[in-house]
Amino acid sequence: MGDHTIDAVCWDWNGTLLDDVDICHRTMNEVLVRRGREPVLTLGEYRARFRFPIRDFYASVGIDADEFPDAADEYLGLLPGRISSATLHEDARATLQGIADRGVRQVLASATLTAVLAEQMRPHGLSAHFEDVLGIGDVYAASKDAVIAGWVRDAGIPPERILLIGDTNHDQEIAADLGTRFVHFAGGHQHVSGTEQIASLSELLEMV
């Protein structure tokens, strides 16, 4: 059991609860090949390059600023029909239930358009675990810091008693800005160093 210093968990979706990394990796490679670029050959290389702002990730694989909007639209056009086949990470459902059983509040926040996020979540039946589900409004900026900050402000919980779990540098930066605890899930989209790491979501049950 945890040390009872956490009153709420803020979850990331893509890569953290939803295991869509391989699908996203393969889709990005298809976009690169279509545009005459070299593919990101391995999943390890993908994780090493992935980052926010998402424009920086595209730049790291050879898509410059002028080409970014069209390439991003192409990627986002290919993804929906594929991501519907993604499954949850192992232990995701049991971990959500275990945290709920401890009386800890849970919210989900994603750098995904609100309507797209709802569609991705629908097959998995997880909404009842979250008191709120927060998406974004600008697909090119892909920033969720404002929606998380608003929730923290309204939740009435000291930031240091909130645990943010995610898989990217963006999640890490948001936690640092807000003063919440951050735990990086290593099975997601990005290698993130210099922070608390877990390899299995069930490890969270020892932290709350």
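Rules of the game
Residue positions are counted from 1 within each chain, in the order its sequence is given. Residue-level local features of this predicted model are given only where pLDDT is at least 70; pairs of side-chain atoms are given and counted only at 80 or more, and the full residue set underlies all totals for whole chains, interfaces and linings. Hydrogens and waters are ignored; side-chain quantities use all the structure's heavy atoms. Remark: nonpolar core denotes a set of buried residues (Ala, Val, Leu, Ile, Met, Phe, Trp, Tyr, Cys) joined through side-chain atoms within 4.5 Å. For each residue, the accessible area found with a 1.4 Å probe, counting protein chains only, is set against the maximum for its type, and the residue is called buried under 20%, exposed over 50%, and partly exposed in between. The way it works is that DSSP assigns letters per residue, a run of H or I at least four long becomes a helix, a run of E at least two long becomes a strand, and they are numbered from the N terminus. A contact between two residues is defined here by any heavy atoms of the two lying within 4.5 Å. By definition, a salt bridge exists where a carboxyl oxygen of Asp or Glu is found within 4 Å of a side-chain nitrogen of Lys or Arg. For Phe, Tyr and Trp, where Trp contributes only its six-membered ring, two rings pair if their centres lie within 6.5 Å, and the inter-plane angle classes them as stacked under 30 degrees, edge-to-face over 60, or tilted in between. Pairs of strands are assigned from DSSP output, requiring at least two bridges between the strands. Look down the strands so they point away from you; if the path from the first strand over the helix to the second goes clockwise, the crossover is right-handed.

Topic: the nonpolar core
- Residues Val 9, Trp 11, Trp 13, Leu 17, Tyr 58, Ile 165 and Leu 204 are the most contacted members of the largest nonpolar core, which totals 49 residues.
- Among the elements of the structure, strand 1 (8-11), helix 1 (21-34), helix 3 (54-60), helix 4 (68-78), helix 6 (92-101), helix 7 (114-121), strand 6 (162-166) and strand 7 (181-185) are those that each provide at least two residues to this core.
- Top contributing element to this core by residue count: helix 1, with six residues.
- When neighbours within four sequence positions are excluded, Leu 204 is seen to be in contact with Trp 11, Thr 95, Ile 99, Leu 163, Ile 165, Val 183 and Ile 198.
- Core analysis: the next-biggest nonpolar cluster, separate from the first, contains 15 residues, Ala 8, Leu 134, Trp 151 and Ile 174 among them.

Considering the pattern of salt bridges
- If you walk through the whole model with that rule in mind, you get 15 salt bridges.
- A salt bridge links Asp 12 to Lys 144; the shortest N-O distance between them is 2.8 Å. Linking Asp 12 in the loop between strand 1 and strand 2 (18-19) with Lys 144 in the loop between strand 5 (132-136) and helix 8 (145-155), this pair joins segments that are 132 residues apart in sequence.
- On the accessibility criterion, Asp 12 (6% relative accessible area) is buried.
- The buried category is assigned to Lys 144, whose relative accessible area is 3%.
- Among the ionic contacts, a cluster of salt bridges with common partners joins Glu 30, Arg 34, Arg 35, Arg 37, Glu 67, Glu 74 and Arg 82.

Remarks on helix 8
- Those residues of helix 8 that sit buried are Ile 148, Gly 150, Trp 151, Val 152 and Ala 155.
- Packing partners of the buried residues in helix 8 comprise strand 1, strand 4 (105-113), strand 5, strand 6 and helix 9 (169-178).
- In the stretch just after helix 8, Gly 156 is the one whose phi turns positive, near 75°.

Describing the side chain of Thr 112
- Of note, Thr 112 is situated in strand 4.
- Not counting residues up to four positions away in its chain, the partners in contact with Thr 112 are Asn 14, Leu 117, Gln 120, Gly 135 and Ile 136.

Quick look at the packing of aromatic side chains
- Within this structure, the stated rule accounts for six aromatic pairs.
- Judged by centre distance (5.6 Å) and plane angle (80°), the rings of Phe 50 and Phe 52 are edge-to-face.
- A network of ring pairs unites the aromatic residues Tyr 46, Phe 50, Phe 52, Phe 57, Tyr 58 and Phe 68 as a single cluster.

Brief notes about the pairing of strand 7
- Within strand 7, four of the five residues are buried, which leaves it mostly tucked inside the rest of the structure.
- Of the strand pairs in this sheet, strand 6 and strand 7 are connected by four bridges, and their pairing is parallel. Paired with Leu 163 across the bridge in strand 7 is Arg 181.
- For the crossover from strand 6 across helix 9 to strand 7, the handedness is right-handed.

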